[in-house]
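Tertiary structure, described
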Amino acid sequence: MSHLFSTTSIGNVQLANRIVIAPMCEYSAEEGRATDWHMIHLGHLALSGAALLFTEATAVEPDGRISPGDLGLWSDETEAALGKVVAAVRRYSPIKLGIQLGHAGRKASSDAPWNGGQLVPASEGGWQGWAPSAVPHNAHEPAPHALDAAGLERVRDAFVDSARRAIRLGFDAIELHAAHGYLLHQFLSPLANRRDDAYGGSLENRMRFPLEVFQALREITPPEVALGVRVSATDWVDGGWDLEQTLVFAQALKDRGCEFIDVSSGGVSSQQKIPVGPNYQVPFADEIKRKIGMPTITVGLITEAQQAEDIVAQGQADMIALARGMLYDPRWPWHAAAQLGGQVDAPRQYWRSQPRELKALFGETRFGQR
């Protein structure tokens with residue numbers, strides 16, 4: 001039996017297999033509202049046969065958007081727009097739905113990648129970001145606002161409000177975004193956090209705000225919704241955030257009721273030097289899984305079915321997340337199941353596509369005609 005296609009769970013959420021569709025920014029929302037693009041994009045990925053589908057990073061306040069086109073969940077209007085997409089997916093797919101809630105911090109107001117991805121100046125509709133300290137992401141950029149006590153409370157409350165909305169919409173999982181150089185990662189990393197109060201300096205202090213945000217979400221998240229965190233396990237910069245600190249953070253999260261951890265890396269500094277290659281982030285997930293014992297998701301240049309199977313079979317991670325690979329091949333789970341002898345759910349409208357030699361690929365199916 002394929003390990004990749006065995007069942008698992010995060011919290012009380014049961015998953016049909018170990019394949020996760022990672023959050024992927026689409027830069028196609030309108031003032032935070034989901035559009036027809038999100039209906040098409042998330043709709044077709046919901047038919048992929050994966051067990052869990054995450055939305056893109058979803059901003060908890062307008063200033064927390066990575067780009068002007070980011071998805072948001074901060075108002076009745078953004079909630080209603082995303083609700084239409086969730087309802088459509090629910091009607092046609094049994095896939096579990098997760099939402100990644102985040103705040104871009106000092107990396108806010110970026111242009112879409114196809115426009116160069118650089119900072120959008122205020123003169124062109126951009127805005128000044130918020131951060132632990134008034135330290136810009138790149139030296140030539142204006143400094144972000146440093147969050148004061150009122151700002152910290154505002155952001156924390158915004159995360160809670162967005163989580164309440166996500167729960168109301170019926171999401172199965174909430175992932176708190178503390179990776180890729182965005183606000184919560186900025187608090188964790190000494191490269192971005194230069195504060196001299198209770199939220200800066202020591203590791204305990206740098207973890208304080210991300211843990212406060214997590215605790216606030218934990219208190220309002222019901223048992224039927226899984227609550228987890230995405231982390232960057234290292235900044236890939238000397239003197240920055242690293243795996244040893246990540247392990248301390250992960251243990252603190254577990255102690256507070258975190259139910260899964262999604263392990264990535266990098267993003268907080270343009271000075272990072274990442275040795276990109278197949279499985280390059282898997283050792284981080286492996287270390288966290290072995291030492292902390294939390295259900296663990298790994299991601300990053302995992303493109304082949306046997307590659308994913310081996311990671312799960314060897315116990316390096318509990319789940320495999322794909323992003324670009326899933327865009328390139330939206331039926332990746334079907335093809336992996338065919339190769340590994342697994343089984344996937346497929347919509348009945350597609351049952352006739354099951355290859356003749358794979359009679360059980362889609363489970364129990366039936367089809368007839370006059």
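Residues numbered from 1 in each chain as written. Predicted model: local features only at pLDDT ≥ 70, side-chain atom pairs only at ≥ 80, totals over all residues. Heavy atoms only, no water.

Looking at an unreviewed UniProt entry, one finds the protein named Old yellow enzyme OYE2, with Achromobacter sp. JA81 as its source organism.

1. Describing the overall build of the protein
Secondary structure assignment for the protein yields 10 helices and 12 strands. A compact globule built from 370 residues should have a C-alpha radius of gyration of about 21 Å, and the protein, at 20 Å, falls within 12% of that. For the protein, with 370 residues in total, the buried portion stands at 59%. On the protein, the mean spot of the 34 positive side-chain charges and the mean spot of the 43 negative ones are 6 Å from each other. (Helix = DSSP H or I, 4+ residues; strand = E, 2+ residues; numbered from the N terminus. Rg over C-alpha atoms; globule rule 2.2 N^0.38 Å. Buried < 20%, exposed > 50% of the residue type's maximum accessible area, 1.4 Å probe, protein only. Lys, Arg positive; Asp, Glu negative; His and termini not counted. Charge placed at Lys NZ, Arg CZ, Asp CG, Glu CD.)

2. Observations regarding the sheet that holds strand 10 (residues 260-264)
The strands making up a sheet associate through backbone hydrogen bonding, with each pair oriented either parallel or antiparallel. The strand order around the closed barrel formed by 8 strands is 3-4-5-8-9-10-11-12, and the pairing between neighbours is parallel. Pairs of neighbouring strands in the sheet enclose a mean axial angle of 25°, with direction left out of account. Where strand 10 meets strand 11 (residues 296-299), 3 bridges bridge the pair, whose relative direction is parallel. Following the sheet pairing, Val-263 is matched in strand 11 by Thr-298. Across the sheet, helix 3 (residues 149-169) is in contact with strand 4 (52-59), strand 5 (96-102) and strand 8 (173-178); its angle to strand 5 comes to roughly 165°. (Pairing = 2+ DSSP bridges. Axes fitted to C-alpha atoms, helices over the stretch in contact; angles between N-to-C directions. Contact = heavy atoms within 4.5 Å.)

3. Re the side chain of Thr-78
By the secondary structure assignment, Thr-78 is in helix 2 (residues 76-92). Looking at Thr-78, the relative accessible area reads 1%, which means it is buried. In this structure the side chain of Thr-78 is engaged in a polar contact, spanning 3.0 Å, whose partner is the backbone oxygen of Ser-75. Beyond its immediate stretch of four places on either side in the chain, Thr-78 contacts Glu-31, Gly-32, Arg-33, Gly-72 and Leu-73. (Polar contact = N/O pair within 3.5 Å; in protein donor to acceptor, adjacent residues only side chain to side chain.)

4. Looking at the nonpolar core
Ranked by internal contacts, the top residues of the largest apolar core, which has 91 residues, are Leu-4, Leu-82, Phe-159, Ile-174 and Leu-217. The leading source of residues in this core is helix 3, at 8 residues. In contact with Phe-159, other than residues within four places in its own chain, are Val-60, Leu-101, Gly-102, His-103, Leu-176, Leu-184, Val-213 and Leu-217. Counting 15 residues, the second-largest nonpolar core is a separate cluster that includes Ile-10, Ala-51, Phe-260 and Ile-297. (Core = buried A, V, L, I, M, F, W, Y, C linked by side-chain atoms within 4.5 Å.)

5. Focus: helix 7 (residues 282-292)
Residues of helix 7 that are buried include every one of Val-282, Phe-284, Ala-285, Asp-286, Glu-287, Ile-288 and Ile-292, and no others. Count one or two residues on from helix 7 and you reach Gly-293, which has phi positive near 80°.

6. Focus: the UniProt feature "domain: NADH:flavin oxidoreductase/NADH oxidase N-terminal" (unreviewed entry) in the protein
According to UniProt, the feature "domain: NADH:flavin oxidoreductase/NADH oxidase N-terminal" (unreviewed entry) maps to residues 4-340 in the numbering used here. Annotation note: span residues 4-340, helix share 35%, strand share 16%, distance between end C-alpha atoms 8 Å. (UniProt positions renumbered as here; feature names shortened; annotations may be inferred.)

7. Things to note about the packing of helix 8 (residues 305-313) against helix 10 (residues 332-340)
Here helix 8 crosses helix 10 at 75°, and the two axes come no closer than 9 Å. With respect to each other, helix 8 and helix 10 are oriented roughly perpendicular. Every residue of helix 10 that contacts helix 8 at Ala-305, Gln-306, Ala-308 and Glu-309 is listed here: Trp-332, Ala-336, Gln-339 and Leu-340. Looking at side-chain class alone, the contact of helix 8 with helix 10 contains 5 nonpolar, 2 polar and 1 charged residues. (Parallel < 35°, antiparallel > 145°, perpendicular 65-115°, else oblique. Nonpolar A, V, L, I, M, F, W, Y, C, P; charged D, E, K, R; others polar.)

8. Comments concerning the packing of aromatic side chains
Per the stated rule, a full pass over the model turns up 8 aromatic pairs. Geometrically, the ring pair formed by Phe-187 and Phe-209 is tilted, given 4.8 Å between the ring centres and 40° between the ring planes. Separated by 22 residues along the polypeptide, Phe-187 in helix 4 (residues 183-188) and Phe-209 in helix 5 (residues 203-220) bring together distant segments of the chain. Accessibility classification places Phe-187 together with Phe-209 in one group, the buried group. (Phe/Tyr/Trp six-rings, centres within 6.5 Å; stacked < 30°, edge-to-face > 60°.)

9. Examining the side chain of Ser-93
As for its position among the elements, Ser-93 is in the loop between helix 2 and strand 5. Within the structure, Ser-93 has its side chain in polar contact with the backbone oxygen of Ala-46 (distance 2.7 Å). A polar atom in the side chain of Ser-93 sits 3.1 Å from the backbone nitrogen of Ile-95. Setting aside residues no more than four positions away along its own chain, Ser-93 makes contact with Ala-46 and Leu-47.

10. A closer look at the pattern of salt bridges
Scanning the model with the defined rule gives 14 salt bridges in all. Residue Asp-172 pairs with Arg-90 through a salt bridge whose shortest N-O separation is 3.0 Å. Of this pair, Asp-172 sits in the loop between helix 3 and strand 8 while Arg-90 sits in helix 2, placing them 82 residues apart in sequence. Judged by relative accessible area, Arg-90 falls into the partly exposed class, the value being 32%. The shortest N-O distance in the salt bridge between Glu-259 and Arg-218 comes to 3.5 Å. Pair noted here: Glu-259 is in the loop between helix 6 (243-255) and strand 10 and Arg-218 is in helix 5, with a separation of 41 residues, a long-range link. Here the two residues Glu-259 and Arg-218 agree in accessibility, since each one is buried. One connected set of salt bridges, linked through shared partners, spans Asp-76, Glu-79, Asp-161, Arg-165 and Arg-168. (Salt bridge = Lys/Arg side-chain N within 4 Å of Asp/Glu carboxyl O.)

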